[in-house]
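# Observations on the model geometry
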Amino acid sequence: MRGSGAQKIFEAALDLPSAGRAAFLDAACQGNAELHEEVAALLGFLDDAYTADLFPQLAGGQQQPLVLGEQIGPYRVLRELGAGGMGVVFLAEREDVGKRVALKLVREGGLASADRIRRFLLERRVLARLEHQNIARLLDAGVTEFRLPYLVMEYVEGLPIDRYCDERRLTIAERIELFRTVCHAVHYAHQSLVVHRDLKPSNILVTADGQVKLLDFGIAKLLEENASLGVAEPRTGLLMLTPEYASPEQVRGEPVTTASDVYSLGVVLYQLLTGRRPYRIASRSAADIERIVCHAAPERPSAAIDQMAAQARDSSLDRLRRRVRGDLDTIVLKALSKEPVRRYLSAAQLSDDLRRHLVRLPVLARGDTAAYRAGMFLRRHWLAVAAAVAMVEILIAGVVATAWQARRADAQRIVAEERFRDVRALANTILFDVHDAIADLPGATRARALVVNRGLEYLNRLSGQVRGDLTLKGEIAQAYIRLGMAQGYPSGANLGDLAGARASLQKALALASELVAVDSQDLRSRRTLALAHEKLGDVKAWTGDVPGAVGEAREALRGWRSLASVQQDSMGAQLAVAISMTKLGDLLGHPAFPNLGDRVAADTQYRGALALLGASSSDPTVDRGRRRQVALIQERLAAMLKLDGSYDAALAAFGRSLALREELYREDRTSMDAVRDVAVSRESLCETQLARGDPRSAASHCRKAVELYQSLHAADPGNAQGVTDLARAEGGASEAQAGLGRWTEALSQMDRGAALLKEFLRANPGNLPAGRQIARHLLSSSILRARLARSGAGNEQQRYRDEADSLYASGRRALARSLALGATPADTADEGLAREAEARLARGGRTAPGGRR
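Model, not experiment: these values are computed from the prediction.

## Focus: the environment of F217
Position of F217 relative to the elements: it lies in the loop between β10 (212-214) and β11 (221-222). In sequence terms F217 and L199 are 18 residues apart; their C-alpha atoms lie 9.1 Å from each other.

Now the structure itself:
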């Protein structure tokens, strides 16, 4: 986008409901027609008539031809890479940094309808939300001087996945592993509420080093909001899709879901296994396409290979047929089912069934009958079974007598197991897909708890029906971790139920420990165990067991380090270790947390964690996490400098942390974590300026922190963390106002924070973070009133003295409750506040209740 004014208006408009954007745009542009058009071109709420007015040269089907070497923004066009239904992709170069990119422009004549404009803009919006190492990234976007929108994407040099497999002569197992990577990328897109709708080999490239990249979301669908861009859902049009890879519902023009992508993945898998597609569509007529795709039954992959073997008289093809026959036939045909409900419920489930096939476990697509399980067992343990074959003859007579009953029981069991799998898949969708999609949204805390409770209820019912299902047990363990975090995890949005959180996390820990005891090499179980230790440590600290918390943190760190040793080149694994080290440092000696008072050990953990995070990651999601953790560690180190009285150095470190956090916030303004991180940095700068004796600078930072915390609390009033954050910031702002002599404002802010905490504690009396915070507020308020009593006169002086006495007594009681709940002298400055309040009262000629003259 050309101007910073247009950029700001565009970003602000994106945060509004689509129905309110037109009015906002009129007001924001203040009659500037050019600015109005530039912003409107990148928003998707324009109707057909307005679009025709906005793009008159396109409405007539004319478009300025693009000349190779032409400059588009900062990009120089080098050559055409390819053309699709509505766009042309060029290789371009950003000369100032020498970076080559793929630049996509609307195809000539392709913007003749408003629907195509919207679809192009929808692609931009889809790509903006997808950050995955196996999905080509959106790097930039804008409009040309002719008002044509363009996209700038990561340029991928690679081969279509089928060509890559053939040219490298990959084995079936190698092809399946590569294909599973594609499934993971598609599943990530589905978790981001995006359906690709045009999966085919040419949109799945593999680089020379074997990296998969998913391309071209030109006809993708946003599951939750096509309406916001005005895109008509029902019919993409046969010209917009690739019939050979399109699902029956796409061909019929019916609404599409993630099941449509699962079908297209089935076609791609069929092609990777057999070298050809399941259908031959000779005619391009709509009737023929619908007849074949919607009604013709695809050949089993092994049968297709058998035909090729007969024609070519190639014995190697016969071996390939035997390799594919059985499980792979069944897996592919399940993915290619005509009815969406009969396909795999997700791309991840398809991938997992392929994994089960590779390790010779029963696959879900086979119905898991007794005979099938026995066959898989034989394949894994044929030598041991051979010794027992003689015993089978003794049992034959009994087997014949019960065969009919067994067949009937098997049929009933298959139906029951299908229902079991459906309920399990639903529970997993609720627990993981839905929960994780809403986790960072404003106001989602109660919804998270509700979602996890419902999913956990399903899984617990299933666990009562089966015994020994380790995968199910792992899912339940992960569910308990999510539930505990929503209930009362103190380092994130939570409902304030610390006791409930501790109970849930202990259940997760017990289940994960059982799984690791059964299979100590299973990485998923080991991750679950490390995470359970880590989260339980945080909760134990805030429920009075600091030594136990440190023990859990050390166990978690051992677990993450062990996992990182298996994945030595993985920044994600190193990030997990760094997070764990930081948490251990907090419990060892950071004053904002219950801790053991060992600041030297805490500082050692922080610096060690920072050393692990020097290199950036090629995975944007992991790299964002890395940068966020770097900012957090810088904040921790700054807090240690502040405690030592090194205020200038602390301010510089806090400033570095703030700069990085503001950069992360600009990248994702919808992230509640990013908003809170900026607020925490502002609050830390406020406190440090106060300690340094500069209340004016402190007041500015405090005001911004309070505003950010207020926005978070308003969005999610049920979040206990939001309550304590806002109250704490109000207290800091009050001190800044007092330092400037603004006593009325100081008292008002301190009282607002105290009132907020009192209301929360009435519903959550055992919440330690809020209990500690109310003690600080009451004691600080007593100090403020004692100071005012010294400068007041007459009745006003007496009133402030009485209020100071009362607040001091209440603060002392709150401090005692806080210590009883588990606060330690090492983790808080509250006792110092109490002594200062006592001294203030004494100077005013009063004896503090329980204190000295």
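## What about the state of the cysteines?
Under the criterion given, the structure shown has one disulfide. For C686, the disulfide goes to C702, at an S-S distance of 1.6 Å. In this pair, C686 sits in helix α28 (residues 672-692) while C702 sits in helix α29 (residues 695-715), placing the two residues 16 residues apart along the sequence. Judged on exposure class, the residue C686 and its partner C702 are both buried.

## Some points on the packing of α28 against α29
The interhelical angle for the contact between α28 and α29, taken along N-to-C directions, is 155°, at an axis separation of 8 Å. Taken together, the axes of α28 and α29 lie roughly antiparallel to each other. The handedness of the crossing between α28 and α29 is left-handed. Between α28, through M672, V675, R676, V678, A679, V680, R682, E683, L685, C686, Q689 and L690, and α29, the contact on the second element is made entirely by P695, S697, A698, H701, C702, K704, A705, L708, Y709, S711 and L712. Its residues placed into classes, the contact of α28 with α29 shows 15 nonpolar, four polar and four charged.

## Observations regarding the pattern of salt bridges
For the coordinates displayed, the defined rule picks out 43 salt bridges. The shortest N-O distance in the salt bridge between K540 and E552 comes to 2.9 Å. Of this pair, K540 sits in helix α22 (residues 523-541) while E552 sits in helix α23 (residues 546-566); the two residues are twelve residues apart in sequence, bridging distant segments of the chain. Each member of the pair, K540 as well as E552, carries the same accessibility label: buried. The closest approach of N and O atoms between E707 and R703, which form a salt bridge, is 4.0 Å. Taken together, the residues E707 and R703, both in helix α29 and four residues apart, mark about one turn of the helix. One salt-bridge network, in which partners are shared between bridges, spans D623, R624, R626, R627, E663 and E667.

## A few points about unusual backbone geometry
Its identity is not glycine, yet R169 carries a phi of approximately 50°, on the positive side. With respect to the secondary-structure elements, R169 resides in the loop between α7 (161-167) and α8 (172-191). Residues other than glycine seldom take positive phi values, yet R197 does so here, at roughly 75°. For R197, the location among the structural elements is in the loop between β8 (194-195) and β9 (204-207).

## Digging into the packing of aromatic side chains
All told, the structure shown has zero aromatic pairs when counted by the stated rule. The ring of Y800 carries R799 above its face, with NZ or CZ at 4.6 Å from the centroid.

## Topic: the sheet that holds β10
The strand order across the open sheet formed by three strands is β7-β9-β10, and the pairing between neighbours is antiparallel. Strand pairing shows two members of the sheet lacking a second neighbour, β7 (158-160) and β10, which therefore form its edges. Taking the axes of each pair of neighbouring strands and ignoring which way they run, one obtains an average angle of 35° across the sheet. The sheet contact formed by β7 and β9 spans three bridges and is antiparallel. Bridging from a neighbouring strand, L159 pairs with V206 of β9. Packed on one face of the sheet, α8 meets β9 and β10 and runs near 35° to β10.

What counts, and at which threshold
Residues numbered from 1 in each chain as written. Predicted model: local features only at pLDDT ≥ 70, side-chain atom pairs only at ≥ 80, totals over all residues. Heavy atoms only, no water. Helix = DSSP H or I, 4+ residues; strand = E, 2+ residues; numbered from the N terminus. Disulfide = S-S within 2.5 Å. Buried < 20%, exposed > 50% of the residue type's maximum accessible area, 1.4 Å probe, protein only. Axes fitted to C-alpha atoms, helices over the stretch in contact; angles between N-to-C directions. Parallel < 35°, antiparallel > 145°, perpendicular 65-115°, else oblique. Left-handed = near helix turned anticlockwise from the far one by under 90°. Contact = heavy atoms within 4.5 Å. Nonpolar A, V, L, I, M, F, W, Y, C, P; charged D, E, K, R; others polar. Salt bridge = Lys/Arg side-chain N within 4 Å of Asp/Glu carboxyl O. Phe/Tyr/Trp six-rings, centres within 6.5 Å; stacked < 30°, edge-to-face > 60°. Lys NZ or Arg CZ within 6 Å of the ring centre and 35° of its normal. Pairing = 2+ DSSP bridges.

On their own, these measurements won't tell you what the molecule is for.
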